[in-house]
Amino acid sequence: MTEEKNPEVLAPEVEAAEIEETAPSVNYSEKSLAELADLFMELAKNPDRMKMNKEAEAIKSAFYKSLAKEKAAAGIAVPEEGVSEPLDSGEAVNADVAESPAASEAEQAANEETVSENPFAEIERGFKALYNAYRKERAEYNREQEKEREHNLELKEAVIKDLKALLEKQEDVNRTFPEFREIQSRWRAIGPVPVQSFRDLNDTYQLYVEQFYDMVKINRELRDLDFKKNLEVKTVFCEQAEKLAESENIVEAFKELQKLHEQWKEYGPVAKEFRESIWDRFKAATSLINKKYQAYFEGLKEQHEENLAAKTRLCEQVEEIASKENISAPEWNVLSKQIEDIQKEWKTIGFATKKENQKIYDRFRAACDKFFGRKREFYAGYKENINANLEKKIALCEEAEALKGSTDWKKTASKLIELQKQWKEIGAVPRKKSEQLWKRFRAACDEFFNERDKNVKPENDFYGNLKAKQRLVEEIKAYELVSDEDADTEAMNSFMQRWQEIGFVPFKEKDEIARKYKDALNEKFGSLASKSRKGRYAKAPKNEKERLVQKYLKKEQDITTYENNIGFFAMSKNSEPLIKQMQERIDQAKKELLELEEQIRALDSASSGEEQF
């Protein structure tokens, strides 16, 4: 027959296998152990569970991979060969025996000890029991199916034997044709046979059917009636195939097409003048569905590759974030939000290629785990650190409160200033305690310094000195240049001399008034100020105080230079080491400025206390 000699148009065995091997629609790798166990329990109750072996194996694989990761995360040792797989049916039987009421008390105690040490043992046992029961049932189901196919094979071989015998009889048509009909009915009523026997068996049957029609001289009316009936049925098959070719669900259409092909083969030939045309019509619809099916999977493959590329980019982003060093507490929160946004984006992307899907997910999960693992480690140490800082600052508060009533102004002021320096060097404390603790410490210091200021000597009027320096800054701003460098230099030197003659100001105002003074001097006198400072302090100092002041001003110039250098470095690439070096020099210079200031103040007023910060 023409229609049976074109197997290359459609290979049902191959195509059916491709459909069967299609990945499950659910991504089980993202499910928890409990969810996977529930899914398997639902599958085991499904009436079609014997046809859901792919889903069962996918759930099992995901369960044991997740179990291994959960055990590793909980610090439970996992054997090198991985988590144990479920027992086969024989092992399951033995296990049932071992766990029967007849088991020894020692074995029961050992089992209880195992459960207490391994929190995952019960869920693993439960899953094994479900899986082994399913596998045992499926093995029995497969054995019954195979036995039924073998039995069907015997039945169809018997039908072919009867058909062959019918051909050899060459008896009267009126007697042989009913027998032929009965043989056809028997053939169609028999179920599937082993796949390796299907093609040869079917070809033999069709050959004998054709021989029957061609060789046996049957009544033409009966034969034409049979041809007509076959043509009508096969025309319906063509219409159904053409309708399937228009379906949007090409995968489902392809599956239905396989069923039509099987039914097509069950019917005999049509009249010779229609054999070619009816087969060509059916073949055309089949070809169209095959092309759409192939295009669908090619498009699916392309989409999977695009998804893989998109997920690879997300992996790289998370890996870069997870590898960052020297992350502060606020930065951890910002980076966590970035990771969460990336995870949301990940969920919007479909499956990658079947070969790479699990690998790319494992890579993404590993990068996320690395980040959040480092974050947990940071906050574990951070919590210990801020609690230690809290204890240190509470101790400083208690020490400051013990000193706040002292009237030994100089010694106590020095001690409190030292406590203030220690306070600044101590790191962060819990946010809820920070403000409250600072107010407590500041209140103790303020109480002492306010009382000291009430008893300050006239020559140490810090706030009066602050007002004097503020007035001097305003005078500098109001000064009108006379276009005579010598005169302007003399005026500038006069301002600088008066500034030096004014005593100390409150410590907390020192930096601000000094900045205003420098800004006013530079704005008014420009390069003259720089020349004057260099010339003035290039001379040998007259006394210890002048030497310290000269050194102090030199340190200030160094800090300005370092800060300018940082500005230049920031505009170039790979400048982080240089910037770090400059910042270290600035910090060291500022520390030395504080020491010089204390020395100058000690020389200036041996009898008075230090300023309040």
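Residues numbered from 1 in each chain as written. Predicted model: local features only at pLDDT ≥ 70, side-chain atom pairs only at ≥ 80, totals over all residues. Heavy atoms only, no water.

> Help me understand the overall build of the protein chain, please; the structure alone is not making it clear to me.
Scanning the protein chain from N- to C-terminus turns up 21 helices and zero strands. Here the analysis covers contacts within the protein chain between residues at least 6 apart in sequence; of these, 78% occur between residues at least 24 apart. (Helix = DSSP H or I, 4+ residues; strand = E, 2+ residues; numbered from the N terminus. Contact = heavy atoms within 4.5 Å.)

> Please explain helix α12 (residues 329-348) as it appears in this structure.
In an α-helix, one turn spans 3.6 residues, which is why side chains three or four residues apart end up on the same side. Counted at 1.5 Å a residue, the expected span for α12 with its 20 residues is 28 Å, and the 30 Å between its end C-alpha atoms agrees. Those residues of α12 that sit buried are A329, W332, L335, S336, I339, I342 and W346. An end-on view of α12 places all buried positions within 125° of arc, on one side of the element. Exposed and facing more than 90 degrees away from the buried side of α12 are P330, K344 and T348. (Expected span 1.5 Å × (residues − 1). Buried < 20%, exposed > 50% of the residue type's maximum accessible area, 1.4 Å probe, protein only. Arc of directions from axis to C-beta.)

> Explain the environment of K410 to me, please; I cannot follow it from the model alone.
For K410, the position within the fold is in helix α14 (residues 409-425). Residues K410 and A602, 192 residues apart in the sequence, show an inter-C-alpha distance of 9.8 Å.

> Whenever I open this one, a negative patch on the surface confuses me. Can you help?
Side chains of D484, E485, D486 and E490 sit close together on the surface and give a patch of like negative charge. Position of E490 among the secondary structure elements: in helix α17 (residues 485-501). (Patch = residues over 30% accessible without salt bridge, like charges linked within 9 Å, V, L, I, M, F, W, Y side chains within 5 Å. Areas by Shrake-Rupley, 256 points an atom, 1.4 Å probe, with all protein chains shown as cover. Salt bridge = Lys/Arg side-chain N within 4 Å of Asp/Glu carboxyl O. Lys, Arg positive; Asp, Glu negative; His and termini not counted. Charge placed at Lys NZ, Arg CZ, Asp CG, Glu CD.)

> Looking at this structure, I do not really get the confidence of the model for the protein chain. What am I missing?
Note: predicted coordinates in regions of low pLDDT should not be interpreted at a detailed level. Looking at the protein chain, the pLDDT average stands at 77 and 78% of residues meet or exceed 70. Long-range and interchain partners of residues 1-23, a stretch whose pLDDT sits below 50, account for 40 contacts in this model, where long-range means more than four residues apart. pLDDT under 50 marks residues 568-573. Its contacts with residues more than four places away, or in other chains, come to six contacts. (pLDDT = per-residue confidence, 0-100.)

> Quick question: what am I supposed to make of the nonpolar core here?
It is characteristic of soluble globular proteins that their nonpolar side chains tend to be buried jointly. One finds V318, W346, F364 and F371 to be the most contacted residues of the largest nonpolar core, which totals 21 residues. At the level of elements, α11 (272-322), α12 and α13 (357-403) are the ones that each hand at least two residues to this core. For this core, the element with the highest residue contribution is α11, accounting for seven residues. Leave out the neighbours within four places in its chain, and V318 touches I339, I342, F364, A367 and C368. Listed in part, the 20 residues of the second largest apolar core include L167, I190, L201 and Y205. (Core = buried A, V, L, I, M, F, W, Y, C linked by side-chain atoms within 4.5 Å.)

> Help me understand the environment of Q263, please; the structure alone is not making it clear to me.
Relative to the assigned elements, Q263 resides in helix α10 (residues 250-266). Linking Q263 and K234, residues 29 residues apart in sequence, is a C-alpha distance of 9.2 Å.

> Explain the packing of α14 against helix α15 (residues 431-454) here, please?
It is at 11 Å that the axes of α14 and α15 come closest, and there the two elements cross at 160°. On the basis of their axis angle, the class for α14 and α15 is roughly antiparallel. The interaxial crossing formed by α14 with α15 has left-handed handedness. On α15, the residues touching W409, T412, A413, L416, I417, L419, Q420 and W423 of α14 are L437, W438, F441, C445, F448, F449, E451 and R452. (Axes fitted to C-alpha atoms, helices over the stretch in contact; angles between N-to-C directions. Parallel < 35°, antiparallel > 145°, perpendicular 65-115°, else oblique. Left-handed = near helix turned anticlockwise from the far one by under 90°.)

> Would you mind going over the pattern of salt bridges with me for this structure?
When the charged atoms of two side chains lie near each other, side chains of opposite charge can form a pair. Enumeration according to the criterion identifies 28 salt bridges in this entry. Taking the shortest distance from any N to any O, the salt bridge between K510 and E597 comes out at 3.3 Å. Note that K510 is positioned in helix α18 (residues 507-525) and E597 in helix α21 (residues 576-604), a separation of 87 residues in sequence. For K510, a relative accessible area of 14% puts it in the buried group. Judged by relative accessible area, E597 falls into the buried class, the value being 4%. Taken together, the shared-partner salt bridges connect K71, E124 and K128 into one network.

> Help me understand the packing of aromatic side chains, please; the structure alone is not making it clear to me.
Each pair of aromatic rings is reported with the distance of its centres and the angle of its planes. Going through the model one piece at a time under the given rule, you end up with 26 aromatic pairs. Consider the rings of F40 and Y134, whose centres lie 5.7 Å apart with planes at 85°: the pair is edge-to-face. With F40 in helix α2 (residues 33-45) and Y134 in helix α6 (residues 121-169), the pair connects residues that are 94 residues apart, well separated along the chain. If you follow R188 out to its NZ or CZ, it ends over the ring of Y267, 4.6 Å from the centre. Positioned over the ring face of W499 is K469, at 4.3 Å from the centre of the ring. (Phe/Tyr/Trp six-rings, centres within 6.5 Å; stacked < 30°, edge-to-face > 60°. Lys NZ or Arg CZ within 6 Å of the ring centre and 35° of its normal.)

> I keep staring at the side chain of N389 and nothing clicks. Help me out?
The residue N389 is located in helix α13 in this model. The exposure class assigned to N389 is buried, which follows from its relative accessible area of 4%.

> When you look at the packing of α2 against α6 in this model, what are you seeing that I'm missing?
What describes two packed helices is the angle between their axes and the distance between those same axes. It is at 10 Å that the axes of α2 and α6 come closest, and there the two elements cross at 25°. The angle between α2 and α6 places the two elements in the roughly parallel class. α6 is crossed by α2, and the crossing has left-handed handedness. Note on element contacts: α6 touches α2 through I123, F127, L130, Y131 and Y134, opposite L33, A34, L36, A37, F40, M41 and L43. A per-class count over the contact of α2 with α6 returns 12 nonpolar, no polar and no charged. (Nonpolar A, V, L, I, M, F, W, Y, C, P; charged D, E, K, R; others polar.)

> What is the right way to look at the environment of I76 in this model?
Tracing the backbone through its elements, the reader meets I76 in the loop between α3 (53-73) and α4 (89-98). For I76, a relative accessible area of 19% translates into the label buried.

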